[in-house]
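Each chain, letter by letter, is given below.
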Amino acid sequence: MADHSPATLSALLKSLNLADDTPNHAEILKHAQNVLSKNPSHPEALHTKVVALLHLDKFDEVVKTFEKTPLEEAKFELAYALYKSGKWEKAEEVARDARGKARGEKVERGLGHVEAQAAHRAEHFGRAVEIYRSLIESGKEFVQNEDYDLQVNRNATEAQMVWKGEAAAKRKVTVDELSQFETTYNAACIHIARNEFPQGLMLLKKARALCEKMDLSPEDLKEEVAPVIVQQVYTLLKMGNVAEAEKVSQELDIKTVSDAALNYIAANNSISLKSKTDPNPHLALRLYEASVSRPLSRTTVKPYQFQLRTLFRNKLSLDLQVGKYGEVKNEVAKSQDPARSAYEIAAGCGGRSAKEILQELKKPKDAGAERKDDIALGLYATQLHMELKDITGAIETVEGLLEELNKKEGSDGKYPPALVGLLVALYKFEGRKKAPKKLNEAAQYWKDQPRPNESLILSSALDSLTSKSPASLESAANLLLSINQSTTTLPPQILSAGIVAACATTNPELAASHLSSLPSIDQLLKGINADGLEAAGVYTSSKKRTAGEAVEGAKAKKTRLAPVKAKRVRKRLLPKDYVAGKEVDKERWLPLRERSYYKPPKGGKKDKRKNVAQGGTQGGKVEEEKDQVMADAPVAKTGGGGGGGGVQARKKKKKGGKW
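Note that the coordinates shown come from a computational prediction; the quantities given were computed from them, not determined experimentally.

What counts, and where the lines are drawn
- Residues numbered from 1 in each chain as written.
- Predicted model: local features only at pLDDT ≥ 70, side-chain atom pairs only at ≥ 80, totals over all residues.
- Heavy atoms only, no water.
- Axes fitted to C-alpha atoms, helices over the stretch in contact; angles between N-to-C directions.
- Helix = DSSP H or I, 4+ residues; strand = E, 2+ residues; numbered from the N terminus.
- Parallel < 35°, antiparallel > 145°, perpendicular 65-115°, else oblique.
- Left-handed = near helix turned anticlockwise from the far one by under 90°.
- Contact = heavy atoms within 4.5 Å.
- Nonpolar A, V, L, I, M, F, W, Y, C, P; charged D, E, K, R; others polar.
- pLDDT = per-residue confidence, 0-100.
- Patch = residues over 30% accessible without salt bridge, like charges linked within 9 Å, V, L, I, M, F, W, Y side chains within 5 Å.
- Areas by Shrake-Rupley, 256 points an atom, 1.4 Å probe, with all protein chains shown as cover.
- Salt bridge = Lys/Arg side-chain N within 4 Å of Asp/Glu carboxyl O.
- Buried < 20%, exposed > 50% of the residue type's maximum accessible area, 1.4 Å probe, protein only.
- 1 Å grid on protein atoms, 1.4 Å probe; cavity = no way out; pocket = protein on both sides within 12 Å on 5 of 7 lines; lining within 4 Å.
- Points joined across faces, edges and corners; volume = space filled by probe spheres on them.

This part is about the packing of helix α2 (residues 25-38) against helix α3 (residues 43-55). Each pair of packed helices can be summarised by the angle the axes make with each other and by the distance between the axes. Put simply, α2 and α3 touch, their axes get as near as 9 Å, and they point 150° apart. With respect to α3, the element α2 is oriented roughly antiparallel. When you trace α2 past α3, the crossing you get is left-handed. Of α3, the residues touching α2 (which contributes H25, I28, L29, A32, Q33, V35 and L36) are A45, L46, T48, K49, A52, L53 and H55. Broken down by class, the residue content of the contact of α2 with α3 amounts to 9 nonpolar, 4 polar and 1 charged.

Below is the structure:
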């Protein structure tokens, strides 16, 4: 290799740019290596080598280069290489430390991009949203369409936050955002993650229409539309529209999807769809292992952790359905899944009935170890009670689980919102009046926490507003005021309207202070023709009643107004074996022998002898053998005298009593 001076190397560096692929980076790498062979610590040559390796997608070599020779002025390149090699937490740390020491605003902004992307892939979604928001609010744009790219990435991160179960600020999507494919798709994902499936499906259709209008090649169009179709299939399945989901799924060839993570999700949804139309767990398991499990174990490109957790649980569920209980036990033993205890019990009780599994759940796992505070087991037991139509048992299970969780001192797991919501739903289903009280208990706890659960607090406040008691209205006002200043997810007008409704009679001054934030009556009536409505009058039926109908109506009205004698309320009689919530036997009024499940008792030896004595048989040819025996037997004479050996004589002879 020819010798190159630093001046020659500087000339090569002038043509080297991260955003430009025209230079021959392989040749530049050779020049840099030649210089480094003579001076391994040459900073400019090291920087040249790193940039050339980045252009050649040799990210692991970049990381190894920095491990041998640290280079302070190339922290951006190191963070980017770590990000591309899948070491997201390390990349986030390097970019964050380098931002404060960056020379120049452009380098600092570039490090912000890398830090946000690394935080996104490390599933630190809150941190990523903060960085994107600060970059957008700065109002600066160093690259063309940078602001639009930042908005797309922010919306995508917010969608992932909701998917993961973290609270994300609710924003109203602008008209400009709904005119672009990427932002419309991300808005659809946010709605789907919040289980707002109709709105999400509508936005997915709009996003697909916008994508098809873009100037793309057929191959690129398939790549862009693939995630939209995958989300459409998932949404339609969640809505119960299996026929439409099957129709949409035929538009996607999973084998052509280049994104590995998307490929796993698409294959999982496809198997779920086939299980709806042709429930065959053995076939579903074979397809799952071929398209998800084995490819996933051989690649470094994986979905997010919350997606991997769902895929893992789907595999365990299929194993349970086909009876692979030993394999489920082995997988659960190696897992850190919060729901592993439920799968462990299900595998240990494989093939048993729901009642038997419930009995097993009541047993302690080992000596001195109780599992009363295990949420996964509690939910599993609740589901078993629901399968047995034992609503009372389900309520008692959730109540006991909440009680155990609330006993823990200093625990952050008190009043889990999902469990509180489940218990309230069960209360309402059975017609109990405990729902508002339990909801208020949980809301009072959460409003004093550093990160209050706003959805639970709002639900309790709205429930209290339906009551006319001053105490309930005051409780609703306090709950709404507790989150009025700190909320980032609830629109301020909704909170102000709730505060006004709660304080209108109990605290008029406080209600008046929030009236200014509410829309005026003129705004609400804008576009409504009040004069036209008044002129149209009140709608009345065009059909006129006949004289007979009028008389009947008067009689009915008179009957309704007449005083009704108070009927004597009889005490309700219930069977001894009655269990609240359990379905009673529909054939209990029929005689036992006429019921569908009646089986006659099997007779003993005494009944068999009696049957034979009365002409019955114990099997074999009956009538023919009987006739043959009677024909061959000697016939007794019916005349007088003779020996006393006849039948009549034998009948007269009696046996003496036993004294």
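Taken as a whole, the chain shows an average pLDDT of 79; of its residues, 80% reach a score of 70 or greater. At the level of individual helices and strands, the chain shows its lowest average pLDDT in helix α33 (residues 647-652), which scores 44, and its highest in helix α11 (residues 197-212), which scores 93. This model gives residues 15-20 a pLDDT under 50, and the stretch forms 14 contacts once residues within four places in sequence are excluded. Segment residues 619-659: pLDDT under 50, and 3 contacts once partners within four positions in sequence are set aside and those in other chains are kept.

Moving on to a nonpolar patch on the surface. A cluster of nonpolar residues, I521, L524, L525, I528 and L533, forms a patch on the protein surface that exposes about 540 Å² of accessible area. Within the fold, L524 resides in helix α28 (residues 521-524). Accessibility expressed as a relative area gives 56% for L524, which makes it exposed.

Here we come to empty space enclosed by the protein. Left-over empty space is what a probe sized like a water molecule reveals as it rolls over the atoms. Following the criterion strictly, the structure yields 1 cavity of 30 Å³ or more and no others. Size it by volume and the largest cavity reaches roughly 50 Å³. Contributing to the lining of the largest cavity are I271, K274, S275, D278, N280, L283, A284 and L287. Among the secondary structure elements, those contributing two or more residues to the lining of the largest cavity are α14 (260-277) and α15 (281-297).

Turning next to the pattern of salt bridges. Counting across every chain of the model gives 18 salt bridges. Note that E331 and K334 form a salt bridge whose closest N and O atoms lie 4.0 Å from each other. Here E331 pairs with K334, and both are found in helix α17 (residues 325-334), just 3 residues apart, close to one helical turn. The structure contains a network of salt bridges with shared partners spanning R99, E108, E115, R127 and E130.

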